[in-house]
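Chain by chain, the residues:
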Amino acid sequence: MTKNKRFTLNLHGKYNVRYSPTGRYLMLASSNGHISTMNWQTKQLVQEFDIREKVFDITWLHQEQFFAVAQSKWTRIYENDTGSEIHCLTNFHKIKYLD
């Protein structure tokens, strides 16, 4: 391993980790609501935000542009580049696992 490929993440608490289908992006979500995505190839942070709500699971959708978060009340869809909430799925109430 070369020196420029190494880096450190200082995370506190439990985190869900998911790679995008192509392996380009890495998504991290803590059980306390901290969500971030990074470009895994360049190691650059794409976006980071805190929803201040319990997170049970995360998953990438069919494109790397969107991801879903199973939160304490509902499942919500977010946009990867900005972290903006795109949609709230109120029919999916208290979901624990996403696939």
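Right, let's walk through the structure included here. (Residues numbered from 1 in each chain as written. Predicted model: local features only at pLDDT ≥ 70, side-chain atom pairs only at ≥ 80, totals over all residues. Heavy atoms only, no water.)

## What to know about unusual backbone geometry
Note: most peptide bonds trans; most residues except glycine with negative phi.
Thought 1: Positive phi, close to 65°, is recorded for Lys43, a residue that is not glycine.
Thought 2: One can find Lys43 in the loop between strand S3 (34-39) and strand S4 (44-50).
Thought 3: Even without being glycine, Lys94 reaches a positive phi, approximately 55°.
Thought 4: Of note, Lys94 is situated in the segment after strand S8 (85-93).
Thought 5: A residue is classified by how much of its surface remains accessible, and Lys94, at 52% relative accessible area, is exposed. (Helix = DSSP H or I, 4+ residues; strand = E, 2+ residues; numbered from the N terminus. Buried < 20%, exposed > 50% of the residue type's maximum accessible area, 1.4 Å probe, protein only.)

## A look at the sheet that holds strand S6 (residues 66-71)
Strand pairing within a sheet occurs via backbone hydrogen bonds; the two strands may be parallel or antiparallel.
Thought 1: Spatially, the four strands line up as an open sheet ordered S5-S6-S7-S8, and their pairing is antiparallel. The open sheet has two edge strands, strand S5 (55-60) and S8, and neither has a second partner. Recorded for the sheet is a direction-independent mean angle of 20° between the axes of neighbouring strands. (Pairing = 2+ DSSP bridges. Axes fitted to C-alpha atoms, helices over the stretch in contact; angles between N-to-C directions.)

## Examining a positive patch on the surface
Thought 1: Among the surface-exposed residues, Lys14, Lys54, Lys73, Lys94 and Lys96 lie close enough to one another that they form a single positively charged patch.
Thought 2: As for its position among the elements, Lys14 is in the segment before strand S1 (15-19). (Patch = residues over 30% accessible without salt bridge, like charges linked within 9 Å, V, L, I, M, F, W, Y side chains within 5 Å. Areas by Shrake-Rupley, 256 points an atom, 1.4 Å probe, with all protein chains shown as cover. Salt bridge = Lys/Arg side-chain N within 4 Å of Asp/Glu carboxyl O. Lys, Arg positive; Asp, Glu negative; His and termini not counted. Charge placed at Lys NZ, Arg CZ, Asp CG, Glu CD.)

## Some points on the pattern of salt bridges
Between side chains of opposite charge, pairing is possible as soon as their charged atoms come close.
Thought 1: Within the structure shown, the criterion is met by two salt bridges.
Thought 2: The salt bridge partner of Arg18 is Asp57, with a shortest N-O separation of 2.7 Å. With Arg18 in strand S1 and Asp57 in strand S5, this residue pair connects regions lying 39 residues apart in the sequence.
Thought 3: On the basis of relative accessibility, which here comes to 4%, the residue Asp57 falls in the buried class.
Thought 4: The partner of Glu85 in a salt bridge is Arg76, and the shortest N-O contact between them spans 3.0 Å.
Thought 5: Accessibility expressed as a relative area gives 40% for Glu85, which makes it partly exposed.
Thought 6: According to the relative accessible area criterion, Arg76 is buried, its value standing at 14%.

## Details of the pairing of S4
Thought 1: Where S3 meets S4, six bridges bridge the pair, whose relative direction is antiparallel. If you follow Ile35 over to S4, its bridge partner there is Phe49.

## Examining the nonpolar core
Thought 1: With twelve residues, the main nonpolar core is built from Tyr25, Met27, Ala29, Ile35, Phe49, Ile51, Val55, Ile58, Trp60, Phe67, Val69 and Tyr78.
Thought 2: Elements represented by at least two residues in this core include exactly strand S2 (25-30), S5 and S6.
Thought 3: Once you skip the residues sitting within four places of it in the chain, Met27 turns out to touch Asn16, Val17, Arg18, Ser36, Thr37, Ile58, Thr59, Trp60 and Phe67. (Core = buried A, V, L, I, M, F, W, Y, C linked by side-chain atoms within 4.5 Å. Contact = heavy atoms within 4.5 Å.)

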